[in-house]
Amino acid sequence: MRITPTDVLIVVDLQNDFCPGGQLAVADGDSILEPIHRIAPRFEHIVLTQDWHPPDHTSFANSHPGKKPYDSIALAYGPQTLWPTHCVQGTHGAEFHADLRLNRAELILRKGFRREIDSYSAFFENDRITPTGLAGYLRERGLTRTFFAGLAYDFCVGFSALDARRLGFEAVVLRDACRAIDLNGSVTQIDLEFAQAGVAVVQCAELSGAAA
Ligand code: VGL
Ligand code: ZN
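Structural notes, computed from the coordinates.

Scoring rules and cut-offs
- Residues numbered from 1 in each chain as written.
- Chains lettered and ligands numbered in written order.
- Predicted model: local features only at pLDDT ≥ 70, side-chain atom pairs only at ≥ 80, totals over all residues.
- Heavy atoms only, no water.
- Near = heavy atom within 4 Å.
- Polar contact = N/O pair within 3.5 Å; in protein donor to acceptor, adjacent residues only side chain to side chain.
- Areas by Shrake-Rupley, 256 points an atom, 1.4 Å probe, with all protein chains shown as cover.
- Nonpolar A, V, L, I, M, F, W, Y, C, P; charged D, E, K, R; others polar.
- Helix = DSSP H or I, 4+ residues; strand = E, 2+ residues; numbered from the N terminus.
- Contact = heavy atoms within 4.5 Å.
- Pairing = 2+ DSSP bridges.
- Axes fitted to C-alpha atoms, helices over the stretch in contact; angles between N-to-C directions.

1. Notes on the site of ligand 1
Item 1. Every residue near ligand 1 is listed here: Asp13, Phe18, Leu24, Asp51, Trp83, His86, Leu151, Ala152, Phe155, Cys156 and Ile181.
Item 2. Between an oxygen atom of ligand 1 and a side-chain N or O atom of Asp13, the distance comes to 2.7 Å.
Item 3. The backbone of Cys156 places a nitrogen or oxygen atom 3.0 Å from an oxygen atom of ligand 1.
Item 4. A total of 250 Å² of accessible area belongs to ligand 1 in isolation, and the protein chains cover 100% of it.
Item 5. Classifying every residue of the shell around ligand 1 by side-chain character gives eight nonpolar, one polar and two charged.

Written as structure tokens, this is what we have:
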């Protein structure tokens, strides 16, 4: 798969809280730094996303008396998994992993900053209606094909890639540059939805073109 100037690499939520030692650590999360740094030079355009919650965010189990992390609750917009408190604005956990070196990134998109709604996807909040502005940004810049790496494969990466397809972008997930949470079959589910939606899942070694 050859990278072109209208492709964009979107690195999702490579933050301390999703890495080993963090509040919502994804197993082996920091091991994707190496493949990401290896492929990034091939891309002319790079975007980072940053999960960025207020301290009393509705997705936190702590915000719901009697609830525990990984419980599911019904919110106005549908079911919402409750998470350990993570990626609180301004905290160490919300910072990018200290070893992440993507200085050419052109945009850092923050999401999940509204107290009453979560945002897995880089394009829409969890009501699937409220846009983050990323689609407009990519369209204005003529970027038509989205490549995803980051955390977590079965949540923020997955929802982002599916929304990219829904919005008419091509979407490619770099499987070995992602790690999953794997909660109640979420990996099997997202794999199925990728196949149905036309999200390509490839390994980093399949990429070619531009600087290596
Ligand atoms: C994420 C759960 C809660 C993610 C963010 O980045 O996949 N997952 N917030
Ligand atoms: Zn979050």
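Text resumes after the structure shown.
2. Observations concerning the environment of Val88
Item 1. Relative to the helices and strands, Val88 resides in the loop between strand 4 (78-81) and strand 5 (107-111).
Item 2. Val88 sits 121 residues away from Gly209 along the chain, and the two C-alpha atoms are 38 Å apart.
Item 3. Once residues within four sequence positions are removed from consideration, Val88 is found in contact with His53, Pro55, Phe60 and Ala94.

3. Some words on the sheet that holds strand 1 (residues 7-12)
Item 1. Spatial strand order, 5-2-1-6-7-8: six strands in an open sheet with parallel pairing. Two strands bound the open sheet, and with one partner strand each, they are strand 5 and strand 8 (200-202). Mean inter-strand twist for the sheet, computed between neighbouring axes without regard to direction, equals 25°.
Item 2. Here six bridges tie strand 1 to strand 6 (residues 145-151), and the two strands are oriented parallel to one another. Following the sheet pairing, Asp7 is matched in strand 6 by Arg145.

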